[in-house]
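Descriptive structure summary
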Amino acid sequence: MAEVLFYHLTESRLEEALPGLLERSVQRGWKVVVQTGTEERRDALDTLLWTYRDESFLAHATDREPHQADQPILLTTGMANGNNAEIRFLVDGASPPDLTSYARAVFMFDGHDAMQLEGAREQWKAMKAAGHAVTYWQQTPDRRWERKA
């Protein structure tokens, strides 16, 4: 079963928090899939990961491009695991595929969006019922992550 983490964004936007989490995942040697709720969000994250910091970028591709299996980070709107990732990030209320083949899954949700909050609550219940090890993390005022459950 996967370790499933819920990251409750309260102090920053997804675009500010996600790149650092992706960097740490890649530094651990993990391949990553980021599943978005819409093509527009996928495409916005595609641009962001090339430009989010002046001195670096995160190598990645989208599910529209060839050679997905070679990518350290794959951005998708679908359920496939095109790069055989160990960790899957789900953002903007994306519905997860079966997560048992992953070491870790991370649901990131905006604490100021009622629909995302409700969706996260439903996913929490579903992940616990499926037998996954589930933890809940919330941002502190200094934008660090604090385990709450």
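You'll find the structure just up there.
Everything in this summary refers to the structure shown in the same document. (Residues numbered from 1 in each chain as written. Predicted model: local features only at pLDDT ≥ 70, side-chain atom pairs only at ≥ 80, totals over all residues. Heavy atoms only, no water.)

Backbone-to-backbone hydrogen bonds join strands into a sheet, with any given pair of strands oriented parallel or antiparallel. The sheet built from eight strands is open, its strands ordered β3-β4-β2-β5-β6-β1-β7-β8 with mixed pairing. Pairing within the sheet leaves two strands with one partner each, and these edge strands are β3 (61-62) and β8 (145-147). Pairing of strand β7 (residues 133-139) with β8, which is carried by three bridges, proceeds in the antiparallel orientation. Bridge assignment links Gln-138 to a residue of β8, and that residue is Glu-146. With respect to the sheet, helix α1 (residues 14-27) is in contact with β1 (3-9), β2 (32-35), β4 (73-76), β5 (87-91), β6 (104-110), β7 and β8, its orientation differing from that of β5 by roughly 175°. Contacts from helix α3 (residues 114-129) reach β1, β6 and β7 within the one sheet, and its direction differs from that of β6 by about 155°. (Pairing = 2+ DSSP bridges. Helix = DSSP H or I, 4+ residues; strand = E, 2+ residues; numbered from the N terminus. Contact = heavy atoms within 4.5 Å. Axes fitted to C-alpha atoms, helices over the stretch in contact; angles between N-to-C directions.)

Within the secondary structure, Arg-53 sits in the loop between α2 (39-51) and β3. With relative accessibility at 31%, the residue Arg-53 sits in the partly exposed group. On a C-alpha basis, the gap between Arg-53 and Phe-89 in space is 20 Å, while along the polypeptide they are 36 residues apart. In terms of polar contacts, Arg-53 uses its side chain to reach the side chain of Glu-23, at 3.1 Å. (Buried < 20%, exposed > 50% of the residue type's maximum accessible area, 1.4 Å probe, protein only. Polar contact = N/O pair within 3.5 Å; in protein donor to acceptor, adjacent residues only side chain to side chain.)

As a further point, take the nonpolar core. Within soluble globular proteins, side chains that are nonpolar generally end up buried alongside one another. By size, the foremost hydrophobic cluster in this structure holds 21 residues, and its most contacted members are Leu-18, Leu-22, Val-34, Ile-73, Phe-89 and Met-108. If you list the elements that add at least two residues to this core, you get β1, α1, β2, α2, β4, β5 and β6. No other element matches α1, which puts five residues into this core. Leaving out residues up to four positions away in the same chain, Leu-22 has contacts with Val-32, Val-34, Leu-49, Leu-58, Ile-73 and Phe-89. (Core = buried A, V, L, I, M, F, W, Y, C linked by side-chain atoms within 4.5 Å.)

With that settled, the discussion passes to unusual backbone geometry. Positioned with a positive phi, Asn-84 is a non-glycine residue whose angle comes to about 55°. Here Asn-84 shows up in the loop between β4 and β5. Even without a glycine there, the phi angle at Asp-92 is positive, about 60°. The topology assignment puts Asp-92 in the loop between β5 and β6. Residue classification places Asp-92 among the partly exposed residues on the basis of a relative accessible area of 24%.

Next up on the list: the packing of aromatic side chains. In the structure shown here, the tally under the stated rule is five aromatic pairs. Taken together, the ring pairs connect Phe-6, Phe-107 and Trp-124 into an aromatic cluster. (Phe/Tyr/Trp six-rings, centres within 6.5 Å; stacked < 30°, edge-to-face > 60°.)

With that settled, the discussion passes to α1. Helix length check: α1, at 14 residues, gives a terminal C-alpha distance of 20 Å against a target of 20 Å (1.5 Å per residue), a fit within 8%. For α1, the complete set of buried residues consists of Leu-14, Ala-17, Leu-18, Pro-19, Gly-20, Leu-21, Leu-22, Glu-23 and Ser-25. (Expected span 1.5 Å × (residues − 1).)

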